[in-house]
Amino acid sequence: MTEKTFEPTIIGFTCNWCSYRAADMAGTSRLKYPANIRLIRLMCSGRLDPTFVIKALASGADGVMITGCHPGECHYIEQNYKAMRRYLLLRKMLEQMGIEKERVKLVWASAAEGIKFAREAQSIVDEVRALGPLNWGTAKKQTNGAQPKEEEVYA
Amino acid sequence: MTTNGSTPKAKPKFAMYWAASCGGCEIAVLNIGEKILDVDANFDVVFWPVAMDAKYDDVEKMEDGSILLTLFNGGIRNVENEHIAKLLRRKSQILVSFGSCATEGCIPGLANLTDIPELFNTAFGTISTDNPDGIRPVYDVEVPEGTLHLPMMFDRLRPLDQVVDVDYYIPGCPPESHQIAAVIDAVLAVLAGEAELPPKGSVLGAGQSTVCDECSRTRNVKNITEFRRIQDIEKIDPDLCLLEQGLLCVGPAARSGCGALCPAVNAPCAGCYGAAPGVVDFGARMITAIASVIDSNDPAEIERIMDGIVDPVGSFYRFNLAHSLLHAGKPAWN
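Note that the structure is predicted; figures quoted are calculated from it, not measured.

Basis of the calculations
- Residues numbered from 1 in each chain as written.
- Chains lettered and ligands numbered in written order.
- Predicted model: local features only at pLDDT ≥ 70, side-chain atom pairs only at ≥ 80, totals over all residues.
- Helix = DSSP H or I, 4+ residues; strand = E, 2+ residues; numbered from the N terminus.
- Buried ≥ 20, exposed ≤ 12 C-beta atoms within 10 Å, placed from the backbone.
- Axes fitted to C-alpha atoms, helices over the stretch in contact; angles between N-to-C directions.
- Parallel < 35°, antiparallel > 145°, perpendicular 65-115°, else oblique.
- Contact = placed C-beta atoms within 7 Å.
- Nonpolar A, V, L, I, M, F, W, Y, C, P; charged D, E, K, R; others polar.
- Pairing = 2+ DSSP bridges.
- pLDDT = per-residue confidence, 0-100.

**Details of unusual backbone geometry**
Item 1. Along the chain, Cys173(B) connects to Pro174(B) via a cis peptide bond; the corresponding omega equals -15°.
Item 2. Positive phi, close to 45°, is recorded for Asn135(A), a residue that is not glycine.
Item 3. The residue Asn135(A) is located in the loop between α4 (114-131) and α5 (150-153) in this model.
Item 4. Residue class for Asn135(A) comes out exposed when judged on the 10 C-beta atoms lying within 10 Å of it.

**Thoughts on the packing of helix α1 (residues 19-28) of chain A against α4(A)**
Think of two packed helices as two axes; the pair is described by the angle between the axes and how far apart they sit.
Residues and elements named next belong to chain A.
Item 1. Where α1 contacts α4, the two axes come as close as 7 Å, and the packing angle between them is 90°. Taken together, the axes of α1 and α4 lie roughly perpendicular to each other. Of the residues in α4, those in contact with Ser19, Ala22, Ala23, Met25 and Ala26 of α1 are Gly114, Lys116, Phe117 and Ala118.
Item 2. In the contact of α1 with α4, the residues fall into 6 nonpolar, 2 polar and 1 charged.

**Points about the interface of chain A and chain B**
Item 1. Across the boundary between the two partners, chain A contributes 33 residues, which contact 37 residues of chain B.
Item 2. Those elements giving two or more residues to the side of chain A that touches chain B turn out to be α2 (50-58), α3 (79-96) and α5 of chain A.
Item 3. Of all the elements, α3(A) adds the most residues to the side of chain A that touches chain B, at 11 residues.
Item 4. For the side of chain A that touches chain B, the class distribution of residues is 18 nonpolar, 8 polar and 7 charged.

**Section: the environment of Arg91(A)**
Residues and elements named next belong to chain A.
Item 1. Assignment of secondary structure puts arginine 91 in helix α3.
Item 2. For arginine 91, a count of 20 C-beta atoms within 10 Å corresponds to the buried category.
Item 3. Along the backbone, arginine 91 and arginine 103 are 12 residues apart, and their C-alpha atoms lie at a distance of 9.2 Å.
Item 4. When neighbours within four sequence positions are excluded, arginine 91 is seen to be in contact with Lys101 and Val104.

**Some details on the pairing of strand β6 (residues 140-143) of chain B**
Item 1. Where β6(B) and strand β7 (residues 146-149) of chain B come together, 4 bridges link them in antiparallel fashion. Bridging across to β7(B), Val143(B) finds its partner in Gly146(B).

**Observations regarding the confidence of the model for chain A**
Residues and elements named next belong to chain A.
Item 1. With 88% of its residues at a pLDDT of at least 70, chain A reaches an overall mean of 90.
Item 2. Confidence scores differ between elements of chain A, with α5 showing the lowest mean pLDDT of 43 and strand β3 (residues 63-68) the highest of 98.
Item 3. Under a pLDDT of 50 for its full length, residues 142-155 has, in the predicted model, 21 contacts with residues more than four places off or in other chains.

**Points about the pairing of strand β3 (residues 67-73) of chain B**
Residue and element names in this part refer to chain B.
Item 1. Among the 7 residues that make up β3, 6 are buried, leaving the element largely enclosed by the rest of the structure.
Item 2. When strand β1 (residues 13-18) meets β3, the two strands line up parallel, connected through 5 bridges. In the sheet register, tryptophan 18 faces β3, and the bridge partner there is asparagine 73.
Item 3. The sheet contact formed by β3 and strand β5 (residues 92-98) spans 5 bridges and is parallel.

See below:
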């Protein structure tokens, strides 16, 4: 196990109208991108509650890629702008928690941009692999971690 | 208050404990006024370190489940807190997580952003502390009489329900006295056989909505172009939503129950009653709320507006970092 290179787990949120189709396009064009990224389709990037991202990281994901239609091209007019504002604030907050900003990424990809989608997927996997595992404490099954045992120190 | 059940008809037993907390919860309990006499009339107070003399040994000797109701305030910061939490869980039929610290970690939980050495450096080595020899606390000290122990601190503060099973929650920093009084009335009604206990896990003594719902200020469509700190505002409009005036108010994510006391006096809500029903993560909900009202679609401009939020974690998780999805910052996880 230890000599193997670290393979990060990335959760990718895609929107139904652009970026999911970009991923589809990448597939039908037989482009290769790493299998580390697990895609979850939402109707719109505006559906992305920051809770989803935080929960992914707290549950063991090493990185999150949020994707949506290009600004001005949202199927629901302007919800991707909301996604962008959420993302910018979320990233600022996560940095304060000690989570490197490379781990959470926002990517715009239209339905025709299979190549861009594959490239961005490759790039976040490479960057997170270089950073190493996030392995957030809440994802480890033990509740007490390396904390001292009650009997040892309490007299 | 009797200490040893010497009344002719045995009354149900009551206990209250403080772990990592400030003592404000106890004051809030005493602030219920003459209703405290109802507590005394109906309960035998067996353990309440703030109000009476009692020893941990006395509690150890009690039969398991012999205390009917325990109000536990304070988070679990050290091994002593954890020991008493487990002990009181064993001895109590109903364990209530009382106040913000026990329920969500509260202000002591913000220490979860950093590690123990850094905490000690801040507490014992910064400019406000006169400590020329750089003394730091140690857990064991040898003195002529023997070894003295201090309880060891954990890497992180945990709310009560991350340590033991909790029956009910009473949020608030501190819980409002009229809410405590209402809970006591409800408990007395249960004792008298006039009511039934609410479902386990219920949040008692609080509202079922957000602070915004209780706030009397006028709300319009929000288009925020700047966040300001309260000291930078010359005059706060007493009738207009504080968020619309550029003050970071977390009312949209915070649970109601307090009566929106802070906004009523021009202070933004800090979220002491915790997350509103349905909110999984307080900070995530606030990010959503704030992102929806920032009036710009230009990334650089958005960043500029967000620069006005100088401390996102401290603002969005002020009372509930330890109970958020992430529990703590990276340094506290080692």
